[in-house]
There are 2 protein chains.
Amino acid sequence: MLGNFTFCNPTRLYFGEGAIQNLKGELAKYGSMVMLVYGGGSIKKNGIYDGVMAVLKECGKKVVEYGGVMPNPTSAKLAEGARIARENNVDLILAVGGGSVCDYSKAVSVSAYCEDDPWQKYYIRFEEPTCKIIPVGCVLTMVGTGSEMNGGAVITNHEQKLKIGHVFGTEVFPKFSVLDPTYTYTLPKYQMVAGFYDIMSHILEQYFSGEDDNTSDYIAEGLLRSLIHSSLIAVENPRDYEARSNIMWTATWALNTLTAQGKTTDWEVHMIGQAVGAYTDATHGMTLAAVSMAYYRYIMPFGLKKFARYAVNVWGVNAESKSEEQVATEGLVAMESWMNKIGLVMNLKDLGVTPDMIEGIADATLIMQGGYKVLTREEVIDILKRSL
Amino acid sequence: MLGNFTFCNPTRLYFGEGAIQNLKGELAKYGSMVMLVYGGGSIKKNGIYDGVMAVLKECGKKVVEYGGVMPNPTSAKLAEGARIARENNVDLILAVGGGSVCDYSKAVSVSAYCEDDPWQKYYIRFEEPTCKIIPVGCVLTMVGTGSEMNGGAVITNHEQKLKIGHVFGTEVFPKFSVLDPTYTYTLPKYQMVAGFYDIMSHILEQYFSGEDDNTSDYIAEGLLRSLIHSSLIAVENPRDYEARSNIMWTATWALNTLTAQGKTTDWEVHMIGQAVGAYTDATHGMTLAAVSMAYYRYIMPFGLKKFARYAVNVWGVNAESKSEEQVATEGLVAMESWMNKIGLVMNLKDLGVTPDMIEGIADATLIMQGGYKVLTREEVIDILKRSL
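These numbers were taken from a predicted model, which means no experiment stands behind them.

Novice: Sorry, what's going on with the side chain of Glu379(B) here?
Specialist: Residue and element names in this part refer to chain B. With respect to the helices and strands, the residue Glu379 is situated in helix H15 (residues 377-387). What makes Glu379 buried here is its relative accessible area of 12%. Sequence-distant contacts of Glu379, defined by excluding residues within four places in its chain, comprise Tyr298, Lys373 and Val374.

As structure tokens, then:
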């Protein structure tokens, strides 16, 4: 059954090659002080930085540059960015990068004028912002997180070994996002396919929960099939515009709240993956890939009907004269084969996890309530060991 | 290939049984003068009117009532509503009804302060609004048109025998819509299934265009499968909340611009159906149903690959050792069987069309450019005759 919900997603998206031309019109809506946020500097090599700076100058903006946002943005970095935004009276935060940069910018937007320690308020106590929020715009250079059209902002605290996501409300959603598929061409293959799996995981975390047969699940299946189709083309030819643009669009809808409406969700793979990330700083999508098969094989018996449906509707498994369990199992085999084919990291060892970390990672893993099986700490340890 | 596009849909949706409780919060955002727009008065019988009025009174609103909006709202009715809205300095138009009432309210919203004749400006010259636009909110009582989350507003001019839709921009989208599936329970079965086919047609008009294999098509297939599944349950038991809620949610996404992004669309079935509607005042969804099979069988050879994909992905046709044509044909047979099963009107005669009207209907039919076959006037006549 579709439970009651409120849906609103006001982010304006400019999609396609050359979509950056729309930045000018958006910048005109905000004051003169723009904080330009980016990551490790790859945008300076591929020309995106120059393109954005040219538009900013043309619009007469004063620019506060703030680079160096790491793949897993830290609470320390958040504190610094918030201070810079506040001290410069920033009118707009322009995130140019992937999900980390977008997430980070949203976190800064609610932290600059926060009357409390943002890590404590948003990530430990999970409170909502009560201060002035700086508007955020995004120019996306990597696909996967869906951060361009949602309120999610994941922050990592190294001292506490915690990587936690806060999903903020629509007032924190980016006001606009520029989505140019060609901006993602130069991404290394490792990052590209990690992003693909992040998309896959977002859809599955929402799909594998509840026994319902609702519209959200049908939409999810469509998105999954599109992703599988295009990902196989993109790994062969990363410059296939059709494949990359379809994946970019799928990524946005995989995590902009649509497929979660009216249903329960799980998110346990992300919880385990984020704990791995907090320990290893490994690429987010790969941490998800490395634990997924062990997790899904573990919970499959508890959600057999949905796993069988997944096998048939997403992976095209022929169900004729087979038991539900056999069908479901074949679906996971097909999934694993696809994961290997696109080149995902399939075990934790390759991400730097050693057996002595297992207990700590399990302790850092939040246990979610929406899955077919609510895990115990021992089960998390078991899944981590099977993923080694 | 996904063409370039801008996506933005700011409408806030309150979904589920009892969602009307959110009306109070929305009303607080607007001034005191509310124009309450509705249709033939069924909302006075089923208690929805009383429920809405109670909230309006509780919020201290002054209410200008304006009922009698007909299933195909006319340009004359539009002129009158626009005058009333203007003379009463209306702060919010609250549409309580189905697609006709929502469409009509949007048309009034851009016509009240229009400096020109609205029919001429918006429906003949297809110009965009340049005047003040009155905000619109919707309380939906019938499912199908998607009007609750888009800028569409179809108006009929009886003297000119024209039924024309203008798709306005986001500034004309409803600010909010209340979607309570139980509000649709009392709808007569004829109207209910007509709405189901309207949804189906919206998705297909966007799907059957272009040879592309993009995300939009995959989402469309998911929506179609959900609709087919739930419609068969709803015709057996119209009070099945799960089925009715899934259909309500599918209807919204079938025509809120999502599945059209980045691709060409057709809309020829709507063009023919609307011309039939202008001549007969028949229920919109039924006019679409009556001409669809003849139209799709006619254009199938020109879009064979997509029709074969439709057969497999939506209707579950087994393609093994069959020609593309055979697969595509079986898909349309399955579709026709579903249409008969849910009780749609499958010919124009039953809608009051007589052979002498055919030429006139063909003349009133706009020829769209996005279909697999751009029709000639003679081909429209041929399709109409096959649909008689």
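Novice: Got a minute to help me understand the pattern of salt bridges in this structure?
Specialist: Once their charged atoms are close, side chains differing in charge can pair, the charge on each being opposite to the other. Evaluated as defined, the whole model comprises 38 salt bridges over all chains. With its nearest N and O atoms 2.6 Å apart, the salt bridge here joins Arg125(B) to Glu127(B). Looking at Arg125(B), the relative accessible area reads 38%, which means it is partly exposed. We note a salt bridge from Glu378(B) to Arg377(B), for which the minimum N-O separation is 4.0 Å. Among the residues examined, Glu378(B) registers a relative accessible area of 53% and is labelled exposed. According to the relative accessible area criterion, Arg377(B) is partly exposed, its value standing at 31%. Through salt bridges that share partners, Glu115(A), Asp116(A), Lys121(A), Arg125(A) and Glu127(A) make up one connected network.

Novice: Help me understand the relation of the copies chain A and chain B, please; the structure alone is not making it clear to me.
Specialist: Each of the two chain copies can be brought onto the other by rotation about an axis and movement along it. Taken as rigid bodies, chain A and chain B are interconverted by a rotation of 180° and an axial shift of 0.0 Å, the fit giving an RMSD of 0.0 Å. The transformation just described matches what one would write down for a two-fold rotation axis. Relative to the rotation axis, the closest C-alpha in chain A is found at Pro10(A), a distance of 2.2 Å. Comparing interface residues between copies, 100% of those in chain A also lie at the interface in chain B; the contact surface is shared.

Novice: Quick question: what am I supposed to make of the interface of chain A and chain B here?
Specialist: Interfaces are often sized by the amount of accessible area the parts lose when they come together. At the interface, 40 residues of chain A touch 40 residues of chain B. Roughly 3700 Å² of surface becomes buried between chain A and chain B when both sides are summed, with 56% attributable to carbon and sulfur atoms. Taken together, chain A and chain B are joined by 17 residue pairs in polar contact (both at pLDDT 80 or more). Elements with a minimum of two residues in the side of chain A that touches chain B: strand E1 (5-15), helix H8 (215-236) and helix H9 (241-254) of chain A. A total of 11 residues in the side of chain A that touches chain B trace back to one element, the largest contributor, which is E1(A). Taken together, the residues of the side of chain A that touches chain B break down into 17 nonpolar, 17 polar and six charged. Where E1(A) and strand E1 (residues 5-15) of chain B come together, seven bridges link them in antiparallel fashion. If you follow Leu13(A) over to E1(B), its bridge partner there is Phe7(B).

Novice: Just checking my understanding: could you explain helix H4 (residues 75-87) of chain A for this structure?
Specialist: It helps to recall that an α-helix has 3.6 residues per turn; residues three or four apart then point in one direction. Residues and elements named next belong to chain A. Between its first and last C-alpha atoms H4 spans 18 Å; for 13 residues at 1.5 Å apiece the expected length is 18 Å, and the two agree. Among all positions in H4, only Ser75, Lys77, Leu78, Gly81, Ala82, Ile84 and Ala85 are buried. Residues of H4 that are buried make contact with strand E2 (33-37), strand E3 (62-66), helix H5 (99-111), helix H6 (118-124) and strand E6 (152-157). In the segment just after H4, Asn89 is the residue with positive phi, at about 50°.

Calculation rules
Residues numbered from 1 in each chain as written. Chains lettered and ligands numbered in written order. Predicted model: local features only at pLDDT ≥ 70, side-chain atom pairs only at ≥ 80, totals over all residues. Heavy atoms only, no water. Helix = DSSP H or I, 4+ residues; strand = E, 2+ residues; numbered from the N terminus. Buried < 20%, exposed > 50% of the residue type's maximum accessible area, 1.4 Å probe, protein only. Contact = heavy atoms within 4.5 Å. Salt bridge = Lys/Arg side-chain N within 4 Å of Asp/Glu carboxyl O. Least-squares fit on C-alpha atoms with pLDDT ≥ 70 in both. Buried area = accessible area lost by both parts, 1.4 Å probe. Polar contact = N/O pair within 3.5 Å; in protein donor to acceptor, adjacent residues only side chain to side chain. Nonpolar A, V, L, I, M, F, W, Y, C, P; charged D, E, K, R; others polar. Pairing = 2+ DSSP bridges. Expected span 1.5 Å × (residues − 1).

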